[in-house]
Amino acid sequence: MIPAIFEHLEERETCSTLKEVRTVLDKTVDGGNAFNIYREQDAVFPYLSVLTRGEYAYIWYAPNESSAGIQAWGEDLGLDPEGSVDFYIPELTVTPNDYILTRETALQVVTAFMELEKWPACYEEMPDCVEWEEL
């Protein structure tokens, strides 16, 4: 696993093991958190964004400055298909249930990224642990 920098509502940390990643993703502020994850210390792009709230997560990836991003499709969690989950990052971000994952799936996506030699430059290179939608 290649180390990554996790910037979240409380601090900035480097993780290089599954245990460290799990510990950081479990950190919450008022029940949730917002993580921007980078491969390199002073990088702006690419980055993986993971929002958490309770047992739920939302994932969005920015491969470069000119991309609108790539988001993960959600799982069948029995949520109202017309509903949404509120994330606070710290401002309110309302995310349709179609894009909601479990925190455990979010952990799998993050670790898949950390196992890549080079982070994806485009939609076609995304890890196949979830389905993705190019924005």
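Predicted model only: the values in this text are computed from it and were never measured.

Q: I'd love a proper account of the overall build of the protein, names of residues and values included.
A: The secondary structure content of the protein amounts to two helices and 10 strands. For a compact globule of 135 residues, the expected C-alpha radius of gyration is about 14 Å, and the protein comes in at 14 Å, within 12% of that figure. In terms of overall dimensions, the protein has C-alpha extents of about 40 × 30 × 25 Å along its principal axes. Relative to its full complement of 135 residues, the protein shows a buried share of 43%. Residue pairs at least 24 apart in sequence account for 52% of intrachain contacts in the protein once pairs closer than 6 positions are excluded. Distance from the positive charge centre (8 side chains) to the negative charge centre (27 side chains) of the protein: 9 Å.

Q: Tell me what's going on with the state of the cysteines, and back it up with residues and numbers.
A: Enumeration over the complete set of coordinates arrives at zero disulfides. The thiol of cysteine 15 is unpaired, and the distance to the nearest cysteine sulfur, on cysteine 129, comes to 17 Å. According to the relative accessible area criterion, cysteine 15 is buried, its value standing at 1%. Just so you know, cysteine 122 is unpaired, no disulfide at all, and the nearest cysteine sulfur is the one on cysteine 129, 16 Å from it.

Q: Mind laying out the packing of aromatic side chains, listing which residues take part and the relevant values?
A: Counted according to the given criterion, the structure contains eight aromatic pairs. Geometrically, the ring pair formed by tyrosine 38 and tyrosine 47 is tilted, given 5.6 Å between the ring centres and 40 degrees between the ring planes. A residue is classified by how much of its surface remains accessible, and tyrosine 47, at 16% relative accessible area, is buried. Grouped by ring-pair contacts, the aromatic residues Tyr38, Phe45, Tyr47 and Trp60 constitute a single cluster.

What counts, and where the lines are drawn
- Residues numbered from 1 in each chain as written.
- Predicted model: local features only at pLDDT ≥ 70, side-chain atom pairs only at ≥ 80, totals over all residues.
- Heavy atoms only, no water.
- Helix = DSSP H or I, 4+ residues; strand = E, 2+ residues; numbered from the N terminus.
- Rg over C-alpha atoms; globule rule 2.2 N^0.38 Å.
- Buried < 20%, exposed > 50% of the residue type's maximum accessible area, 1.4 Å probe, protein only.
- Contact = heavy atoms within 4.5 Å.
- Lys, Arg positive; Asp, Glu negative; His and termini not counted.
- Charge placed at Lys NZ, Arg CZ, Asp CG, Glu CD.
- Disulfide = S-S within 2.5 Å.
- Phe/Tyr/Trp six-rings, centres within 6.5 Å; stacked < 30°, edge-to-face > 60°.

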